[in-house]
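Residues per chain, in single letters:
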Amino acid sequence: MPLKICLFFILIFCGFTVYGVQEIDSLPLDCHKQSVKSVNFEDLQWMFRERVRVESQDQIPTHLDFFIENTTGIKSQKYSFDTASIKKENLLALSNMTDDPLLVWGNTLAQEIENFKSLKDSLAKVFNPKGYRLKFLQNERGLARQMELLNRGRSMTALSLHNFNLAVDVGIYRRGRYLRRSNLYARLGSLAKDLGAFWGGDFVGFPDAGHIQAFSNGANLVQKFPGLAFEYIRFKEIYEQNYASAFGRGQADLVEDTRQLIVELNKNRVQKICACKQAIPIPKELSAEWFEQFKHVSTGYVYVHEQSGWVYIKNRDSGYFYPLGVYSFAAKN
Ligand SMILES: [Zn+2]
């Protein structure tokens, strides 16, 4: 059995057997405090991602600085939005500095986006009932817009395939008038499926007949492009809350896609170095000068002190210390 599939079953096993069906959150992966060595800059990118809540466009950092202090001294990496090129090693930094996932992942997904575009063209050709017209309403969508839709209850997910240009909303028109409901949407959906796409009308819990996407769900996308876990991870808590509350209502079947996504993200993070959730007081050994030295260098930074086992994560005006740890599945008790 390939390692990945094997791991998948272990996770399912942990999720449902160790914790039991009574457990609301059946898939808990937690950052457990422990001493770590050989932290790398990629770990710091993730820590920033996972611990900094960016609520609006003006909180997105324009510069990021990463520092790792250990017995050999201090190593640092600097990134700025202007100079960060779309190189693989800069993707995560860049991703921390923009709310446009396509700016970061557009190259990675170029082939998929292209394929989806031709699929749409084919769909427009094969769908031609007399007197009706098909219009593609929206492709691309920034994260801010997605959040707005989520908050207004218009979308059920924090990150949608729309954000990657891998979903489209479709309208059917008759004599120039948009049809909100029509059996033709099911016909369109079936044609889309014949072409290899996925139809929103099949969504369990939140069917969306005018929606077509290139992957069955976010979990599927992350499975094929593991790097995208970095985009999904900052919404993990939202997914976990959604899953837990549906599970609590006895409606876990409605959020199966969410469960799969959580499993996929957990697979990606297990055994990785992390900043544990609960912030801690300022370490005693630090002086006012320690804070002073960063005053002018950054809009966001992460400082890891390996031996002392803490990490400081700062964005704009707020910064917190956290214990360093490693992600693992919580043992019961
Ligand atoms: Zn849609």
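Just so it is clear, the model here is predicted, and its values are computed rather than measured.

**Thoughts on the confidence of the model for the protein chain**
Now for step 1: For the protein chain, the average pLDDT comes to 85, and 83% of its residues sit at 70 or higher.
Now for step 2: At the level of individual helices and strands, the protein chain shows its lowest average pLDDT in helix α1 (residues 3–18), which scores 40, and its highest in strand β7 (residues 198–199), which scores 98.
Now for step 3: Overall, residues 1–26 carries pLDDT values under 50, and its contacts beyond four positions in sequence, including any with other chains, amount to 20 contacts.

**Comments concerning helix α7 (residues 184–194)**
Now for step 1: Those residues of α7 that sit buried are Tyr185, Leu188, Gly189 and Ala192. Buried residues of α7, viewed axially, fall in a sector of 100°; they line one side. Summarising the geometry of α7, the exposed residues directed more than 90 degrees from the buried face are Ser190 and Asp194.
Now for step 2: Residues of α7 that are buried sit in contact with α5 (110–126), β5 (167–174), β7 and β8 (211–213).

**Describing unusual backbone geometry**
Now for step 1: Not every positive phi belongs to a glycine, and Ser38 is a case in point at roughly 50°.
Now for step 2: One can find Ser38 in the loop between β1 (29–33) and α2 (41–51).
Now for step 3: Classification of Ser38 by C-beta neighbours within 10 Å gives exposed; the count is 9.

**Considerations on the pairing of strand β11 (residues 310–315)**
Now for step 1: Of all the six residues making up β11, six are buried; the element is thus mostly covered by neighbouring parts of the structure.
Now for step 2: Across the two faces of β11 the burial is the same, with Trp310, Tyr312 and Lys314 and Val311, Ile313 and Asn315 all buried.
Now for step 3: Relative to β11, strand β10 (residues 300–305) runs antiparallel, the two sharing six bridges. Each residue of the ladder has a partner; that of Tyr303, found in β11, is Tyr312.
Now for step 4: Between β10 and β11, which follow one another and run antiparallel, lie four residues, and Gly309 among them has a positive phi close to 70°.
Now for step 5: Examined bridge by bridge, β11 and strand β12 (residues 318–329) share six bridges and lie antiparallel to one another. Note on β12: the bridge partner recorded for Trp310 is Pro323.
Now for step 6: The antiparallel pairing of β11 with β12 creates a hairpin that spans two residues between the two strands, and Arg316 there sits at a positive phi of about 55°.

**So, the nonpolar core**
Now for step 1: Counting 71 residues, the largest nonpolar core has Met47, Tyr232, Ala275, Val302, Val304, Val311 and Ile313 as the members making the most contacts within it.
Now for step 2: No fewer than three residues from each of domain 1 (3–107 + 225–329) and domain 2 (110–219) sit in this core.
Now for step 3: Dropping the residues within four chain positions of it, Val311 is found in contact with Met47, Ala275, Val302, Tyr303, Val304, Tyr322 and Leu324.

**Observations concerning the pairing of strand β3 (residues 73–80)**
Now for step 1: Judged from the eight bridges that link them, strand β2 (residues 63–70) and β3 form a sheet pairing that is antiparallel. Bridge assignment links Phe67 to a residue of β3, and that residue is Ser76.
Now for step 2: Between β2 and β3, which follow one another and run antiparallel, lie two residues.

**Looking at the environment of Phe41**
Now for step 1: On the secondary structure map, Phe41 appears in helix α2.
Now for step 2: By the C-beta count within 10 Å, which is 18 here, Phe41 ends up partly exposed.
Now for step 3: Separated by 52 residues in the primary sequence, Phe41 and Ala93 place their C-alpha atoms 9.8 Å from one another.

What counts as what
- Residues numbered from 1 in each chain as written.
- Predicted model: local features only at pLDDT ≥ 70, side-chain atom pairs only at ≥ 80, totals over all residues.
- pLDDT = per-residue confidence, 0-100.
- Helix = DSSP H or I, 4+ residues; strand = E, 2+ residues; numbered from the N terminus.
- Contact = placed C-beta atoms within 7 Å.
- Buried ≥ 20, exposed ≤ 12 C-beta atoms within 10 Å, placed from the backbone.
- Arc of directions from axis to C-beta.
- Pairing = 2+ DSSP bridges.
- Core = buried A, V, L, I, M, F, W, Y, C linked by C-beta atoms within 7 Å.
- Domains from an automatic or database assignment.

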